[in-house]
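Working through the structure, step by step
Spelled out from the first residue to the last, the chains are:
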Amino acid sequence: MFVFLKESGRCVTKLENMGFRVGQGLIERFTKDTARFKDELDVMKFICKDFWTSVFKKQIDNLRTNHQGIYVLQDNKFRLLTQMSAGKQYLEHAPKYLAFTCGLVRGALSNLGIKSIVTVEVTTMPACKFQVMIQKM
C-alpha cells in the first residue's frame, strides 16, 4: 500500500510540473501583445478571463480575494471533471486529475513574475476551487 501511495504522489508531482512548463509557455504566447499589468489583481483577472478562456473555452465563474495575497478561483463546471461527475465515487480522486491545472496556473503566474502555491478543492463535482497563495519575495 505504501509503495502505491508513494508512486501516486510521484505521478501527481510529475503532472504538476508538466502543467507548470505548459503554463509558462502558454502565458508567454498569450501576453506577447498585451500591455503590462498594473498589479497582482490585474494579473489574476487576466488569468480568470483571457487565460482560462483560451485553455478551457470559458471564464472562471468567480474570483475572490482577501487582498492579502490569497485568491480563490471558482469554476462551477470544470471541463476536466464533467465526464467523471456522474457519481460521488470519484470525488476523493478528483484532485489528482487537477494537478496539471494547478501547475498550469502556477507556471503562468511564475512567468508573469508572481511566485505562488496553487491548491485545489473539490466538494461537489464538476465544480472546483483553485486557491492561489502569493509568495512574497
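Our structure is the block above this text.
A short tour of the structure in this document, coming up. In this text the structure is predicted, and so the values were computed from the model without any measurement.

Rules used throughout
- Residues numbered from 1 in each chain as written.
- Predicted model: local features only at pLDDT ≥ 70, side-chain atom pairs only at ≥ 80, totals over all residues.
- Heavy atoms only, no water.
- Phe/Tyr/Trp six-rings, centres within 6.5 Å; stacked < 30°, edge-to-face > 60°.
- Helix = DSSP H or I, 4+ residues; strand = E, 2+ residues; numbered from the N terminus.
- Buried < 20%, exposed > 50% of the residue type's maximum accessible area, 1.4 Å probe, protein only.
- Pairing = 2+ DSSP bridges.
- Axes fitted to C-alpha atoms, helices over the stretch in contact; angles between N-to-C directions.

Now for the packing of aromatic side chains. For the coordinates displayed, the defined rule picks out seven aromatic pairs. Measuring from ring centre to ring centre gives 5.8 Å for Phe-30 and Phe-51, while their planes differ by 65°; the resulting arrangement is edge-to-face. One end of the pair, Phe-30, is in helix 1 (residues 2-30); the other, Phe-51, is in helix 2 (residues 40-56), and 21 residues separate them in sequence. In this structure Phe-51 comes out as buried when scored by relative accessible area, which is 1%. Counting every residue linked through ring pairs, the aromatic cluster contains Trp-52, Phe-56, Phe-78 and Phe-130.

Strand order in the open sheet formed by four strands is 1-2-4-3, with antiparallel pairing between adjacent strands. Among the strands making up the open sheet, the edge pair consists of strand 1 (62-65) and strand 3 (116-121). Neighbour to neighbour, the strand axes of the sheet diverge by 20° on average, direction disregarded. With four bridges joining them, strand 1 and strand 2 (residues 70-75) adopt antiparallel strand pairing.

Everything listed is a geometric property; what it means functionally is a separate question.
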